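As a plain string of letters, each chain reads:
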Amino acid sequence: MKKEFVIVTGLSGGGKSCAVNVLEDIGYYCIDNMPPQLLPKFMEICQKSGEEIEKIAVVADVRSGERLYMLKDYLAELEQQDIHAKVLFVDANDDVLLKRYKETRRKHPLMDDKVTVLQSAIMFEREILSDAKAAAEKTFQEYKDKATEDNFAAIADKFGNTSYAGGLVEGA
């Protein structure tokens, strides 16, 4: 059986963790923060393994540094192996991102001695991710402070589960 492979990427603070939670709820084996250069080898191993892992999602984002610039090349390498990876791009508008960072007090992964302003880090991240966004089969944009159930259901629907109930356990 052919494996389903989804690469989740997008802006830091944009909702990738929520998207991955949905994918996990509908049966995907999920791995966070995989360096993009490992994608072809990882999928080759998954294809050859006798394990029952049929649906796989990996998060590849700016934490991988400059290697993310080559995501398009790694996607082409997967296609050469006859593996079609779907790219899910998760985004949020700048106001939402700024508010999330203010609330969590976490440092943006691109902030360092050279990039000291959060807004600049977000703009730089958008630039880095432009090719990944262009390669995405689906982009989910969060306009509100929190991810919406509509987005969760749309992600589940796009990736194979039309009856997603928000990961809630019945009777809980």
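Remember, it's a predicted structure, so these values are computed and weren't measured experimentally.

Summarising burial for strand β3 (residues 55-59): five of the five residues are buried, a large majority. Both faces of β3 are covered, namely the face carrying Lys-55, Ala-57 and Val-59 and the face carrying Ile-56 and Val-58. The pairing of strand β1 (residues 4-10) with β3 spans five bridges and is classified as parallel. Opposite Phe-5, over in β3, you have Ile-56 as the bridge partner. With three bridges connecting them, strand β2 (residues 29-31) and β3 associate as parallel partners.

Those residues of helix α1 (residues 16-25) lying buried are Lys-16, Ala-19, Val-20, Val-22 and Leu-23. Projected down its long axis, α1 carries its buried residues within an arc of 155°, all on one side. Taken from the residues just after α1, Gly-27 is the one with a positive phi, measuring 100°.

On to the pattern of salt bridges, then. The full count for this structure, using the stated rule, is seven salt bridges. Across the pair Asp-91 and Arg-126 runs a salt bridge, and its minimum N-O distance is 3.0 Å. Of the two residues, Asp-91 is situated in strand β4 (residues 85-92) and Arg-126 in helix α5 (residues 118-128); the sequence distance between them amounts to 35 residues. A relative accessible area of 26% places Arg-126 in the partly exposed class. Across the salt bridge formed by Lys-99 and Glu-103, the nearest N and O atoms sit 4.0 Å from each other. Residue Lys-99 and its partner Glu-103 are both found in helix α4 (residues 94-104); the two are separated by four residues, about one turn of the helix.

This part takes up the layout of surface pockets. Considering only enclosed or pocket space, the largest pocket measures out at about 580 Å³ in volume. Top contributing element to the lining of the largest pocket by residue count: α1, with five residues. Within the lining of the largest pocket, the residues separate by chemical class into nine nonpolar, seven polar and seven charged.

With phi around 65°, Asn-33 is a residue other than glycine that occupies positive phi space. Mapped onto the elements, Asn-33 comes out in the loop between β2 and α2 (39-48). By relative accessible area, which is 34% here, Asn-33 ends up partly exposed. Phi angles above zero are rare outside glycine, and Arg-105 is one such case at about 60°. Inspection of the secondary structure puts Arg-105 in the loop between α4 and α5. Given a relative accessible area of 77%, Arg-105 falls into the exposed group.

The next subject is the packing of α2 against helix α3 (residues 71-80). Following both chains from N to C, one finds α2 and α3 inclined at 30°, their axes separated by 9 Å at the closest point. With respect to α3, the axis of α2 lies roughly parallel. Between α2 and α3 the crossing geometry is right-handed. Where α2 abuts α3, its residues Leu-39, Pro-40 and Met-43 lie against Leu-71, Tyr-74, Glu-77 and Leu-78. A class-by-class count of the residues in the contact of α2 with α3 yields six nonpolar, no polar and one charged.

Procedures and definitions
Residues numbered from 1 in each chain as written. Predicted model: local features only at pLDDT ≥ 70, side-chain atom pairs only at ≥ 80, totals over all residues. Heavy atoms only, no water. Buried < 20%, exposed > 50% of the residue type's maximum accessible area, 1.4 Å probe, protein only. Helix = DSSP H or I, 4+ residues; strand = E, 2+ residues; numbered from the N terminus. Pairing = 2+ DSSP bridges. Arc of directions from axis to C-beta. Salt bridge = Lys/Arg side-chain N within 4 Å of Asp/Glu carboxyl O. 1 Å grid on protein atoms, 1.4 Å probe; cavity = no way out; pocket = protein on both sides within 12 Å on 5 of 7 lines; lining within 4 Å. Points joined across faces, edges and corners; volume = space filled by probe spheres on them. Nonpolar A, V, L, I, M, F, W, Y, C, P; charged D, E, K, R; others polar. Axes fitted to C-alpha atoms, helices over the stretch in contact; angles between N-to-C directions. Parallel < 35°, antiparallel > 145°, perpendicular 65-115°, else oblique. Left-handed = near helix turned anticlockwise from the far one by under 90°. Contact = heavy atoms within 4.5 Å.

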